[in-house]
Amino acid sequence: MLQESLALSGILFSIGVVGVLLRRNVIVIFMSIELMLNAVNLTFVALSRSAGIEGQLFVIFVMTVAAAEAAIGLAIIISIFRHYESVDIRKFRLLRW
Amino acid sequence: MDLSQLVFYLCAGLAVASSVLMITRKNPVYSAMFLVLTLFSLAAIYVLLNAHFLAALQVLVYAGAILVLFLFVIMLLNLGHDVEPDVRPLIAWVFGGGLGLVLLAELVVALRTVEATPGVDLLSVWFQEKGAVAGVAEPLFRTQLIAVEVAGLLLLVAMVGAVVLAKRKS
């Protein structure tokens, strides 16, 4: 099942990249990033079967970072939305608001 | 083909289909729902890959916490209705899809170098000895203790940062 899992994680990662490239809604772009993190987690879990438990430990840290990243990113989105009244990525041109 | 392989292919197909639907729906609420479906099928695959604790964690943290945060923000910003089509035009689809296919080919080539037959299944023996939670927790707190502390600090910083960023300036 190792090869199939690795293929699945590659497919999911590519779908995430395509989502980031094709969407303009900042929230959907964020979800695509979460999908890419999950694809990497799947690689870790699949390889940890033959390489040892460390892969599963690393997935826990990836999940921690993903949770922190989601909280910060959504706070930034709320903060930008107050200024521009939109979540369209084309309208975000300035770093200060 | 035995049962576990059948379940694996079912979950893999579900994950791919719902993630494709996720990036093509106009309404962000639908996207969030399809992301939940993807995460659940990934949790089922984790169970098949001997990672029971991570499967529980996936459901709790991703489907429970992060997706609720997403839905909460979508509804807070009132984005659920009168959605404008935000998908880029056709030329971008060709370009983005082509780039995605190139990346997929690269990943397949890179991942094929992993040998097909893993020698011994280390983890099922390990988890039978220790149990599903202790098998993860023991090496986590023995060998990665500093990383656990740093992760806790990271969560604290993220919490404070989220509050500061989302606060209305008065």
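Once that is clear, we can look at the overall build of chain B. Secondary structure assignment for chain B yields seven helices and zero strands. Overall, chain B shows an N-to-C arrangement of helices and strands of α-α-α-α-α-α-α. Scaling as 2.2 N^0.38, a compact globule of 170 residues should have a C-alpha radius of gyration of about 15 Å, whereas chain B reaches 20 Å, well beyond that. For chain B, the C-alpha atoms occupy an extent of roughly 55 × 45 × 30 Å along the three principal directions. For chain B, the residues scored as buried account for 21% of the 170 residues in total. Nonlocal contacts in chain B, meaning residues at least 24 apart in sequence, comprise 53% of its contacts between residues at least 6 apart.

Another aspect to go through is the overall build of chain A. The number of helices and strands found in chain A is three helices and zero strands. Going from the N terminus to the C terminus, chain A shows its helices and strands as α-α-α. Taken along the three principal axes of its C-alpha coordinates, chain A extends 50 × 25 × 15 Å. Looking at chain A residue by residue over its 97 residues, the buried ones come to 54%. Sequence-distant contacts, at least 24 apart, represent 44% of the contacts inside chain A between residues at least 6 apart.

This part takes up the nonpolar core. Counting residues in hydrophobic clusters, the biggest one holds 59 residues, and the most contacted among them are L12, I27, M31 and V45 of chain A together with Y46 of chain B. For this core, the secondary-structure elements that each account for two or more residues are α1 (2-22), α2 (26-51) and α3 (54-84) of chain A together with α1 (3-24), α2 (28-48) and α3 (52-76) of chain B. For this core, the element with the highest residue contribution is α2 of chain A, accounting for 13 residues. Formed jointly, this core draws a minimum of three residues from each of two domains, domain 1 (1-83) and domain 2 (121-170) of chain B. With sequence-adjacent residues up to four places away left out, Y46 of chain B is seen in contact with V45 of chain A together with A51, L54, A55 and Q58 of chain B.

Contact residues are listed per partner, giving 70 residues for chain B and 60 residues for chain A. At the level of secondary structure, the elements contributing two or more residues to the side of chain B that touches chain A comprise α1, α2, α3, α4 (90-112), α5 (122-130), α6 (134-143) and α7 (145-166) of chain B. The leading source of residues in the side of chain B that touches chain A is α4 of chain B, at eleven residues. A breakdown of the residues in the side of chain B that touches chain A according to their chemical character gives 55 nonpolar, twelve polar and three charged.

Let us look at the domain arrangement of chain B. One can read the domain layout of chain B as domain 1 (1-83) and domain 2 (121-170). Spacing between the C-alpha centres of domain 1 of chain B and domain 2 of chain B amounts to 21 Å.

Moving on: the packing of α1 of chain A against α4 of chain B. α4 of chain B packs onto α1 of chain A with a crossing angle of 155° between their chain directions and a minimal axis gap of 9 Å. With respect to their mutual orientation, α1 of chain A and α4 of chain B come out roughly antiparallel. The hand of the α1 of chain A/α4 of chain B crossing is right-handed. Between α1 of chain A, through L6, A7, G10, I11, F13, S14, V17, V18, L21 and L22 of chain A, and α4 of chain B, the contact on the second element is made entirely by A92, W93, G96, G97, L99, G100, L103, L104, L107, V108 and L111 of chain B. Of the residues contributing to the contact of α1 of chain A with α4 of chain B, the split by class is 16 nonpolar, five polar and no charged.

Cut-offs applied
- Residues numbered from 1 in each chain as written.
- Chains lettered and ligands numbered in written order.
- Predicted model: local features only at pLDDT ≥ 70, side-chain atom pairs only at ≥ 80, totals over all residues.
- Helix = DSSP H or I, 4+ residues; strand = E, 2+ residues; numbered from the N terminus.
- Rg over C-alpha atoms; globule rule 2.2 N^0.38 Å.
- Buried ≥ 20, exposed ≤ 12 C-beta atoms within 10 Å, placed from the backbone.
- Contact = placed C-beta atoms within 7 Å.
- Core = buried A, V, L, I, M, F, W, Y, C linked by C-beta atoms within 7 Å.
- Domains from an automatic or database assignment.
- Nonpolar A, V, L, I, M, F, W, Y, C, P; charged D, E, K, R; others polar.
- Axes fitted to C-alpha atoms, helices over the stretch in contact; angles between N-to-C directions.
- Parallel < 35°, antiparallel > 145°, perpendicular 65-115°, else oblique.
- Left-handed = near helix turned anticlockwise from the far one by under 90°.

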